[in-house]
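As a plain string of letters, each chain reads:
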Amino acid sequence: MPKYDYVFTTERERTRKRRSNFIIIFLLLFLSFTIFLFLSHRQDITLSSIKLYFYDPKKLELIPIDTNIDFSGDFEKVVKMVIEKLSYAPENSNLRSLIPAYTRVKSVNLSQDLLTITFFPEVVSSEIDSVVKEGATVYSIVNSLTELPDVRRVKIQIEGNNSGFFNRYIDITKPINKLNGQLPKGKKILIYFLNPTYQFYVGEIREVIDSPDSSLQAESVINQLIIGSEFKELTSLIPQGTKLLSVKVENKIVYVNFSREIRRISLGAEGELDLVNLLTLSLTELPNIDRVRFLVEGEETYSIGGHLSLNEPIKRWYGLKNDNDCIIYFINKLEQKSLFVPTFRKVSKINDVNEVLNLLFNGVTPLEKDLELTTDIPLEAKLLNTQAKENNELLVNVSVEINKFLNALQEENFIRQIVLTVTENSSFKSVTIYFNGRNLESLPFGTDVSKSFTRNSF
């Protein structure tokens, strides 16, 4: 006969088992309730006052203001209250808020010491048109929110914004700590784009982050090219999806490391040449960069799209400028803004700055007019003479009736055209302009002309 094993469970054992299960369930419920209370406690907050940070446009810095906030309750609500109060500058003060009054917060999350706040797009005001203003906006939010208990870092997200920047300059891909020093400042340089309709390069005056760190400045230049021009007519030719992996400056050579998407350029040899030159021209506008070396995914590349040889660091005007060419800067106006267009001219003598300036003062050709180029050098203006000074400075003496200038923009463009043309075609780094033999303090519309000018001093 087969053998069977029988297990008999007594009533006592069943009772003991039920009691054990009950204890386990009770402990789990108690633990869950404790965690719930802990988390709920962390999300509740009581405040009577808080420091809110507002922008001082005269000092270009953030000023903390003690603000009464009588609140007790949900953490998300108090964050939204802080943002609302930040959108209104204190009365009877020179301080300003750069956060629009209609700013809305989509969500708030606090994890350990990191507060993640997601805004709707209207948080980025049209008033944010410079590095310092964008920095003031971001850090007024960060500095104010880090005044809340348990908050040490802030991660800003903007609904629908995939650029990685709050607007153009401040990186929001990583958590941001409270700013204890000065706000980031900007400097204006030319960032070069292509006008594909007329096939000429356009120098757009843009701010980049000003820093003693050359690599940070170069990174800011490339970011402006990746973000693109503010004009739909212009392009940087950088393929969509391209990321800047790293930037390093050594011995006036900048090593620019792109993601593999940079190789997606499919415009042939001419398009690749334009891409290389737009990058090189923009980066070498920085005074401490002479050449550019390209890398892809950390590896030195000998070509980006397979058409050009990039074995050596690249200089300005790679593959475009001949030995007897000079570069004259004229103007293309889009949406009432002035863009600076480098154009080629033949010269009889290399580095003859007088010949170059006379070509500038002669103005645009009929063909260039058809390309919508113009100049802000008055028609009757003439070059009288030039004189080399110390420290690579050139004195340019011009004959011009200063009352012929129509506005401050023409005054500034007049100076820019001279300075850009001189420094592009010679070893001179700065230019002082005399008017009919005199060193004036200012022009009729207030433009200061008493100082010397460099490419980046506007």
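Residues numbered from 1 in each chain as written. Predicted model: local features only at pLDDT ≥ 70, side-chain atom pairs only at ≥ 80, totals over all residues. Heavy atoms only, no water.

Brief notes about the environment of Arg316
At step 1: Among the structural elements, Arg316 can be located in the loop between β12 (299-300) and β13 (325-334).
At step 2: Sequence-wise, Arg316 and Val292 are 24 residues apart; in three dimensions their C-alpha atoms are separated by 8.9 Å.
At step 3: Arg316 has contacts with Tyr192, Thr280, Leu281, Thr284, Glu285, Tyr329, Glu424 and Arg455, leaving out every residue within four places of it along the chain.
At step 4: Within the structure, Arg316 has its side chain in polar contact with the side chain of Tyr192 (distance 3.5 Å).
At step 5: A polar contact of 3.1 Å, which involves the side chain of Arg316, links it to the backbone oxygen of Leu281. (Helix = DSSP H or I, 4+ residues; strand = E, 2+ residues; numbered from the N terminus. Contact = heavy atoms within 4.5 Å. Polar contact = N/O pair within 3.5 Å; in protein donor to acceptor, adjacent residues only side chain to side chain.)

Digging into the pairing of strand β10 (residues 253-258)
At step 1: Within β10, five of the six residues are buried, which leaves it mostly tucked inside the rest of the structure.
At step 2: The sheet contact formed by strand β9 (residues 244-250) and β10 spans six bridges and is antiparallel. Within β10, the residue paired with Lys248 across the bridge is Tyr255.
At step 3: Counted between consecutive antiparallel strands, the loop separating β9 from β10 contains two residues, among which Asn251 sits at a positive phi close to 55°.
At step 4: Two elements, β10 and strand β11 (residues 291-296), share six bridges in a ladder whose sense is parallel. What sits directly across from Val254, in β11, is Val292. (Buried < 20%, exposed > 50% of the residue type's maximum accessible area, 1.4 Å probe, protein only. Pairing = 2+ DSSP bridges.)

Observations regarding the packing of aromatic side chains
At step 1: For the structure on display, the rule yields five aromatic pairs.
At step 2: Here the aromatic rings of Tyr201 and Trp317 are separated by 6.4 Å at their centres, their planes lie at 15°, and the arrangement is stacked. Taken together, the positions of Tyr201 in strand β8 (residues 200-210) and Trp317 in the loop between β12 and β13 put the pair 116 residues apart, joining distant regions of the chain. Accessibility assignment for this pair places Tyr201 and Trp317 in one class, buried.
At step 3: With a centroid separation of 5.2 Å and an interplanar angle of 70°, the aromatic rings of Phe405 and Phe414 are classed as edge-to-face. Exposure class is identical for Phe405 and Phe414. Each is buried. (Phe/Tyr/Trp six-rings, centres within 6.5 Å; stacked < 30°, edge-to-face > 60°.)

Focus on helix α2 (residues 75-86)
At step 1: A rise of 1.5 Å per residue sets the reference length of α2, with its twelve residues, at 16 Å; its end C-alpha atoms lie 17 Å apart and thus fit the reference within 8%.
At step 2: Turning to α2, its buried residues number three or more, namely Phe75, Val78, Val79, Val82, Ile83 and Leu86. Projection of α2 onto a plane perpendicular to its axis shows the buried side chains occupying an angular sector of 145°, all on one side. Exposed side chains of α2 directed beyond 90 degrees from the buried face belong to Lys77 and Glu84.
At step 3: Where α2 starts, the residue carrying a side-chain oxygen 3.1 Å from the main-chain nitrogen of Glu76 turns out to be Asp74. (Expected span 1.5 Å × (residues − 1). Arc of directions from axis to C-beta.)

A closer look at the nonpolar core
At step 1: Core analysis: the biggest nonpolar cluster contains 84 residues, and Val254, Phe294, Ile418 and Phe435 have the highest contact counts within it.
At step 2: The contacts of Phe435, once residues within four sequence positions are left out, are Asn397, Val398, Val400, Ile402, Phe414, Leu440, Leu443 and Val449.
At step 3: Of all hydrophobic cores here, the second largest spans 46 residues; its members include Leu52, Leu86, Ile99 and Ile156. (Core = buried A, V, L, I, M, F, W, Y, C linked by side-chain atoms within 4.5 Å.)

Topic: the sheet that holds β11
At step 1: Taken together, the four strands give an open sheet; going across it, the order is β9-β10-β11-β12, and neighbouring strands pair in mixed fashion. Two strands in the sheet have a free side with no partner beyond their single neighbour: β9 and β12.
At step 2: As paired strands, β11 and β12 are joined by two bridges and run antiparallel to one another. Residue pairing in the sheet places Val296 in a bridge with Glu299 of β12.
At step 3: In this fold helix α4 (residues 214-227) packs onto β9 and β10, with an angle of close to 140° to the strand it touches most, β9. (Axes fitted to C-alpha atoms, helices over the stretch in contact; angles between N-to-C directions.)

Focus on the side chain of Glu134
At step 1: Tracing the backbone shows Glu134 in helix α3 (residues 131-145).
At step 2: Among the polar contacts listed, one links the side chain of Glu134 to the backbone nitrogen of Tyr169, at a separation of 3.0 Å.
At step 3: The contacts of Glu134, once residues within four sequence positions are left out, are Ile128, Phe166, Asn167, Arg168, Tyr169 and Ile170.

Focus: the packing of α2 against α3
At step 1: Contact geometry for α2 and α3: axes closest at 11 Å, N-to-C directions at 135°. Classified by the angle their axes make, α2 and α3 are oblique. Here α2 and α3 pass one another in a crossing that is right-handed. Note on element contacts: α3 touches α2 through Ser140, Ile141, Ser144 and Leu145, opposite Val79, Val82, Ile83 and Leu86. (Parallel < 35°, antiparallel > 145°, perpendicular 65-115°, else oblique. Left-handed = near helix turned anticlockwise from the far one by under 90°.)

Points about the confidence of the model for the chain
At step 1: Chain-level pLDDT for the chain is 91 on average; 91% of the residues reach the 70-or-more range.
At step 2: When the criterion is pLDDT under 50, residues 1-8 qualifies, and its contacts beyond four places in sequence or with other chains add up to one contact. (pLDDT = per-residue confidence, 0-100.)

Comments concerning unusual backbone geometry
At step 1: A positive phi angle, close to 50°, is found at Glu335, a residue other than glycine.
At step 2: Within the secondary structure, Glu335 is located in the loop between β13 and β14 (337-346).
At step 3: Residue Glu335 is classed as exposed on the basis of its relative accessible area, which comes to 55%.
At step 4: Of note, the phi angle at Asn391 is positive, near 60°, even though the residue is not glycine.
At step 5: Structurally, Asn391 can be placed in the loop between β15 (382-389) and β16 (393-399).

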